[in-house]
Amino acid sequence: PREAPLWRATRWRAQGAMALNRGGDAGRAGQGLGRDACGPRLTALVDAARRLDAHGEGLLRELAAALARRGAGGGDDGEAALHRVAAEDVEPVLALLRDFAAEAAELASSAHQAAAAAAAEASAVAEAGSGTGEEGSAAGALWAAMGMADVLEQDAQLKAELVASLTHETVSEEVAAAQMLLAAKPWLDHELLRRAGLPRAAATARGDGAERRAAA
C-alpha cells in the first residue's frame with residue numbers, strides 16, 4: 001500500500017534531522033567561518049540549489065493546477081478529454097519535475113567534487129604549514145565543505161524520492177504534501193549551512209537555468 005503523503009513528509013524531515021545531527025561535531029568545527037570560507041564554488045552551488053528549489057515549487061503549483069483540471073472532469077468529451085489533460089498538461093509537468101530532480105543530483109555531484117578539492121587543499125596546508133596555526137583553520141573549512149556537500153547530497157536524494165512518488169495516479173493531497181516539504185527546506189535551510197556562514201534560505205525567484213548549470 002502507498003504510504004500516506006503527510007506521514008511520508010514527516011518521515012523525510014525526521015531522517016534529515018537525524019542524519020546531520022550525527023555530524024554535529026564536524027559541523028561545529030566550521031562554525032564562525034565567513035560565507036566564502038568553504039570556497040566560492042560550494043557557496044555558489046548551495047545558492048543554485050536554493051534557486052532550483054523555487055523552480056520546483058513552481059512546478060508543483062503547475063502540477064496541482066493540472067490535477068485540478070483533470071478532477072473537473074471531461075465535460076462533453078468525457079474520457080477523451082481526460083486523456084488529453086493527462087497527455088498535454090500532467091505529463092509535461094512530470095517530465096520537468098524529473099529534470100528538476102536530475103539537476104539537483106548534478107549539483108550534489110559538483111559539491112562532492114568541490115569538497116574533494118577542499119580536502120586536497122587542507123592536506124597541502126597541513127603538510128606545508130605544520131606549527132603555523134593554519135592547520136586548524138584549514139581543518140574547519142574542510143569539515144564545513146564536507147558538511148555542505150552532504151547537505152546537497154541529502155537534498156538531492158529527498159527530491160529524487162519526492163519526484164518518483166509523483167505519477168499520473170497522484171492526487172492533489174500528495175502534491176500538497178510535496179509542496180509543504182519543499183517549502184520547509186529541511187536541508188537547504190539546515191543549521192549546518194548557517195554554521196558555515198551562509199544566511200537562511202529566503203524565497204527567491206526561479207533564476208535562470210543557465211546560471212544554475214554554470215554553478216554546477
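What to know about the overall build of the protein chain
Scanning the protein chain for helices and strands turns up 8 helices and 0 strands. Helices (α) and strands (β) of the protein chain occur, in sequence order from the N terminus, as α-α-α-α-α-α-α-α. Classification of the 216 residues of the protein chain by burial places 43% in the buried group. Nonlocal contacts in the protein chain, meaning residues at least 24 apart in sequence, comprise 86% of its contacts between residues at least 6 apart. As displayed, the protein chain offers around 10700 Å² of accessible surface, 55% of which is attributable to carbon and sulfur atoms.

Overview of the environment of V163
Assignment of secondary structure puts V163 in helix α5 (residues 134-164). Judged by relative accessible area, which is 8%, V163 ranks as buried. Taking the C-alpha atoms as reference points, V163 and A95, separated by 68 residues in sequence, lie 9.7 Å from one another. Look past the residues within four positions of V163 in its chain and what remains in contact with it is L97, R98, F100 and A101.

A short note on the side chain of K185
Along the chain, the position of K185 falls in the loop between α6 (172-184) and α7 (191-195). We classify K185 as buried; its relative accessible area is 13%. A distance of 3.3 Å separates polar atoms of two side chains, one belonging to K185 and the other to E57. Here K185 is in contact with D53, E57, H190 and A201, once residues within four sequence places are set aside.

Some remarks on the packing of helix α3 (residues 40-71) against α6
The geometry of α3 relative to α6 is characterised by a closest axis approach of 10 Å and an angle of 165° between their N-to-C directions. Relative to α6, the element α3 is oriented roughly antiparallel. Between α3 and α6 lies a crossing whose hand is left-handed. Across from D53, G56, E57, L60, R61, L63, A64 and L67 in α3, the residues of α6 making contact are S172, V175, A178, Q179, L182 and A183. Classifying every residue of the contact of α3 with α6 by side-chain character gives 8 nonpolar, 3 polar and 3 charged.

Notes on the confidence of the model for the protein chain
Regions with low pLDDT carry predicted coordinates that are not meant to be interpreted in detail. Taken over all residues, the pLDDT of the protein chain has a mean of 75, while the share at 70 or more is 64%. In the model, residues 4-14 has pLDDT below 50 throughout and makes 20 contacts with residues more than four positions away in sequence or in other chains. Counting contacts from residues 203-211, a segment whose pLDDT is below 50, to residues more than four positions away or on other chains yields 13 contacts.

Considerations on the side chain of D189
Checked against the element boundaries, D189 lands in the loop between α6 and α7. With sequence-adjacent residues up to four places away left out, D189 is seen in contact with R50, R194, R200 and A201.

Observations regarding the pattern of salt bridges
Taken as a whole and assessed by the stated rule, the structure comprises 6 salt bridges. One salt bridge connects E57 with K185, and the closest N-O pair in it is separated by 3.3 Å. Taken together, the residues span a long stretch of sequence, with E57 in helix α3 and K185 in the loop between α6 and α7 at a distance of 128 residues. For D89, the salt bridge identified is with R69, shortest N-O distance 3.0 Å. Taken as a pair, D89 in helix α4 (residues 79-128) and R69 in helix α3 lie far apart in primary sequence, 20 residues in all.

As for α6
Given a rise of 1.5 Å per residue, 13 residues ought to cover 18 Å, and the 18 Å separating the end C-alpha atoms of α6 matches this to within 8%. Among all positions of α6, only E174, V175, A177, A178, L181 and L182 are buried. Burial along α6 is one-sided: seen end-on, the buried residues are contained in an arc of 160°. K185 occupies a position one or two residues after α6 and carries a positive phi of about 50°.

Criteria and cut-off values
Residues numbered from 1 in each chain as written. Predicted model: local features only at pLDDT ≥ 70, side-chain atom pairs only at ≥ 80, totals over all residues. Heavy atoms only, no water. Helix = DSSP H or I, 4+ residues; strand = E, 2+ residues; numbered from the N terminus. Buried < 20%, exposed > 50% of the residue type's maximum accessible area, 1.4 Å probe, protein only. Contact = heavy atoms within 4.5 Å. Areas by Shrake-Rupley, 256 points an atom, 1.4 Å probe, with all protein chains shown as cover. Polar contact = N/O pair within 3.5 Å; in protein donor to acceptor, adjacent residues only side chain to side chain. Axes fitted to C-alpha atoms, helices over the stretch in contact; angles between N-to-C directions. Parallel < 35°, antiparallel > 145°, perpendicular 65-115°, else oblique. Left-handed = near helix turned anticlockwise from the far one by under 90°. Nonpolar A, V, L, I, M, F, W, Y, C, P; charged D, E, K, R; others polar. pLDDT = per-residue confidence, 0-100. Salt bridge = Lys/Arg side-chain N within 4 Å of Asp/Glu carboxyl O. Expected span 1.5 Å × (residues − 1). Arc of directions from axis to C-beta.

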